[in-house]
Amino acid sequence: MNVLLARPRGFCAGVNRAIAIVHRALERYAPPVYVLHEIVHNTHVLAALRRRGAVFVEELEDIPRGAVSIFSAHGVSRTVEDQARAMGLRTIDATCPLVSKVHRRVVHLNELGYDILVIGHKGHPEVEGTCGQATGRVHVISTPAEVADLRVADPAKVGYVTQTTLSVDDTAEMLAALRRRFPLISEPDRTDICYATSNRQAAVRLLADRVELVLIVGSKNSSNSNRLREVAALRGVSAHLIDHAGEIESHWFSGIQRVGVSAGASAPEHLVVEVVDWLRQHGADTVEEMDGKEEHINFFVPDLEL
Ligand code: 0CM
Ligand code: SF4
């Protein structure tokens, strides 16, 4: 059996920054440090940070007054920010700068009085945070079929933003439907789908053309990791999303000669190494890495003076 690793894969700049912020907060302030929502959607990242004194909660009410508390990489609504302030929390914002950029455009469209279309997955925390930047009319749409049902105040005053981790191909279809329905729709200068999402999807597309089975390392609630699995499956190969090597099932490999491996933007590289070790122990004799796009994006980690 031969193994091919996708490139780029794994941690993006926003995830590196968010995790570094939690580490810095733990160094600077005595644990526990509270994090509203999972800092990134990866069970292994969370377990490692819990061991160092991070506490992950889903509700602001679960954070004691005055505690140091961090907003996750996915961002929060204005209401959550205001409530945190009212509760006297000492907050640190680990929202990815590429999500914050989308937030700023929502604020702008809201000031112009536009109906704002947020293309994304309903209930995902990033979508909730993005919608929560506006005080006016916001509509979340997930499929092109929903475009026909949209009711807006003025079809000439409609703008859209997207979740940063969407499928590039599905979003193109959605935008075609939106442009047909609202020829004057206000669009971002460049796509809101982030560089890490589009690079990882492009790499998995190439990977899937060279293998018979693809393993994506990532947690079940990670949107971008799920999209990577779908991209592979849509190329006609079997594709599995696994949190770690322990979830691999031997029967997947019967009759398989070529296996591809990639990882979502929140999955640490040591999990990929463990998957490759598992494959070596189960018949893989070559491991090769694809040529792929180099990524040189790094985000500044703030000093955290509270
Ligand atoms: O948005 P998604 O569910 O893909 O989040 P993640 O934590 O898996 O990946 C990084 C991010 C962001 C924002
Ligand atoms: Fe930022 Fe993209 Fe990474 Fe999300 S996947 S944290 S938007 S760089």
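All figures in this text were calculated on a predicted structure; none of them were measured in a lab.

Trainee: Quick question: what am I supposed to make of the packing of helix 7 (residues 195-208) against helix 8 (residues 223-234) here?
Mentor: Two measures define how a pair of helices packs: the angle their axes make with one another and the distance between the axes. Helix 8 packs onto helix 7 with a crossing angle of 30 degrees between their chain directions and a minimal axis gap of 9 Å. Our classification of the angle between helix 7 and helix 8 gives roughly parallel. For the pair helix 7 and helix 8, the sense of crossing is right-handed. For the pair formed by helix 7 and helix 8, the contact residues are Thr197, Arg200, Gln201, Val204, Arg205 and Ala208 on the first element and Asn224, Arg227, Leu228, Val231 and Ala232 on the second. In terms of residue class, the contact of helix 7 with helix 8 is made up of five nonpolar, three polar and three charged.

Trainee: Could you clarify how one ought to interpret unusual backbone geometry in this entry?
Mentor: Keep in mind that most residues, glycine aside, have a negative phi and that most peptide bonds are trans. Backbone torsion omega between Arg7 and Pro8 reads 0 degrees, so that peptide bond is classified as cis. Secondary-structure assignment places Pro8 in the loop between strand 1 (2-5) and helix 1 (13-28). Of the consecutive residues Pro31 and Pro32, the connecting peptide bond is found in the cis state with omega at 5 degrees. Examined against the element boundaries, Pro32 turns out to sit in the loop between helix 1 and strand 2 (33-36). Of note, the phi angle at His37 is positive, near 75 degrees, even though the residue is not glycine. Position of His37 relative to the elements: it lies in the loop between strand 2 and helix 2 (43-52).

Trainee: Explain the packing of aromatic side chains to me, please; I cannot follow it from the model alone.
Mentor: A ring pair, where both rings are aromatic, is described by two values, the distance of the centres and the angle of the planes. Inspection of every chain in the model, using the stated rule, returns one aromatic pair. Taking the centre distance of 5.5 Å and the plane angle of 35 degrees together, the rings of Phe253 and Trp278 count as tilted. One end of the pair, Phe253, is in the loop between strand 10 (238-242) and strand 11 (258-263); the other, Trp278, is in helix 9 (residues 269-281), with 25 residues separating them in the sequence.

Trainee: Mind showing me how you'd approach a negative patch on the surface here?
Mentor: On the surface, a cluster of negative charge is contributed by Glu58, Glu59, Glu61 and Asp62. The topology assignment puts Asp62 in the loop between strand 3 (54-57) and strand 4 (68-71). Classification of Asp62 by relative accessible area gives partly exposed; the value is 46%.

Trainee: What should I look at first to understand the site of ligand 2 in this one?
Mentor: Every residue close to ligand 2 is listed here: Cys12, Gly14, Val15, Cys96, Leu98, Thr164, Cys194, Tyr195 and Ala265. Judged by the proximity of its atoms to the pocket grid, ligand 2 belongs to the largest cavity. Class assignment of the residues belonging to the shell around ligand 2 gives a composition of seven nonpolar, two polar and no charged. Among the domains, domain 1 (2-11 + 194-289) and domain 2 (13-96) are the pair contributing at least three residues each to the shell around ligand 2.

Trainee: Just to check I follow, could you spell out the packing of helix 1 against helix 2 for this structure?
Mentor: Helix 2 packs onto helix 1 with a crossing angle of 10 degrees between their chain directions and a minimal axis gap of 11 Å. In this view, helix 1 runs roughly parallel relative to helix 2, as classed from their interaxial angle. Contacts between helix 1 and helix 2 involve Ile19, Val22, His23, Leu26 and Glu27 from the former and Val45, Leu49 and Arg52 from the latter. Looking at the contact of helix 1 with helix 2, its residues break down into five nonpolar, one polar and two charged.

Trainee: Even after reading the chapter, I still don't get the side chain of Thr164, so can you show me in this structure?
Mentor: Relative to the helices and strands, Thr164 is located in the loop between strand 8 (158-162) and helix 6 (168-181). With residues near it in sequence (within four places) discarded, Thr164 still touches Leu98, Val99, Val102, Glu126, Asp192, Ile193, Cys194 and Thr197.

Trainee: What is the right way to read the environment of Ala18 from this model?
Mentor: Looking at where Ala18 falls in the secondary structure, it is placed in helix 1. Residue classification places Ala18 among the buried residues on the basis of a relative accessible area of 0%. For the pair Ala18 and Val301, spaced 283 residues apart in sequence, the C-alpha to C-alpha distance is 8.2 Å. Aside from chain neighbours lying at most four places away, what touches Ala18 is Ile39, Val40, Ala73 and Ala94.

Trainee: For this particular structure, what's the right way to read the environment of Arg258?
Mentor: Mapped onto the secondary structure, Arg258 falls in strand 11. Considering only alpha carbons, one finds Arg258 and Ser69, 189 residues apart in sequence, at a separation of 45 Å. In contact with Arg258, not counting residues within four places along its chain, are Asn2, Arg210, Val211, Glu212 and Leu213. Here the side chain of Arg258 touches Arg210 through a polar contact of 3.1 Å, landing on its backbone oxygen.

Trainee: Got a minute to help me understand helix 7 in this structure?
Mentor: Each turn of an α-helix holds 3.6 residues, which means side chains three or four residues apart point in the same direction. Relative to the 20 Å expected for 14 residues at 1.5 Å per residue, helix 7 spans 20 Å between its end C-alpha atoms, a close match to the ideal helical length. Helix 7 sits mainly inside the fold: eleven of its 14 residues count as buried.

Trainee: Whenever I open this one, the nonpolar core confuses me. Can you help?
Mentor: Ranked by internal contacts, the top residues of the largest apolar core, which has 30 residues, are Val22, Ile39, Val40 and Ile70. The element best represented in this core is helix 1, accounting for eight residues. For Val22, the residues in contact, after removing those within four places along its chain, are Val35, Ile39, Leu49, Ala54 and Ile70. Counting 23 residues, the second largest nonpolar core, distinct from the first, contains Val3, Ile256, Val276 and Ala284.

Calculation rules
- Residues numbered from 1 in each chain as written.
- Chains lettered and ligands numbered in written order.
- Predicted model: local features only at pLDDT ≥ 70, side-chain atom pairs only at ≥ 80, totals over all residues.
- Heavy atoms only, no water.
- Axes fitted to C-alpha atoms, helices over the stretch in contact; angles between N-to-C directions.
- Helix = DSSP H or I, 4+ residues; strand = E, 2+ residues; numbered from the N terminus.
- Parallel < 35°, antiparallel > 145°, perpendicular 65-115°, else oblique.
- Left-handed = near helix turned anticlockwise from the far one by under 90°.
- Contact = heavy atoms within 4.5 Å.
- Nonpolar A, V, L, I, M, F, W, Y, C, P; charged D, E, K, R; others polar.
- Phe/Tyr/Trp six-rings, centres within 6.5 Å; stacked < 30°, edge-to-face > 60°.
- Patch = residues over 30% accessible without salt bridge, like charges linked within 9 Å, V, L, I, M, F, W, Y side chains within 5 Å.
- Areas by Shrake-Rupley, 256 points an atom, 1.4 Å probe, with all protein chains shown as cover.
- Salt bridge = Lys/Arg side-chain N within 4 Å of Asp/Glu carboxyl O.
- Lys, Arg positive; Asp, Glu negative; His and termini not counted.
- Charge placed at Lys NZ, Arg CZ, Asp CG, Glu CD.
- Buried < 20%, exposed > 50% of the residue type's maximum accessible area, 1.4 Å probe, protein only.
- Near = heavy atom within 4 Å.
- 1 Å grid on protein atoms, 1.4 Å probe; cavity = no way out; pocket = protein on both sides within 12 Å on 5 of 7 lines; lining within 4 Å.
- Sits in = over half its atoms within 2 Å of the grid points.
- Domains from an automatic or database assignment.
- Polar contact = N/O pair within 3.5 Å; in protein donor to acceptor, adjacent residues only side chain to side chain.
- Expected span 1.5 Å × (residues − 1).
- Core = buried A, V, L, I, M, F, W, Y, C linked by side-chain atoms within 4.5 Å.

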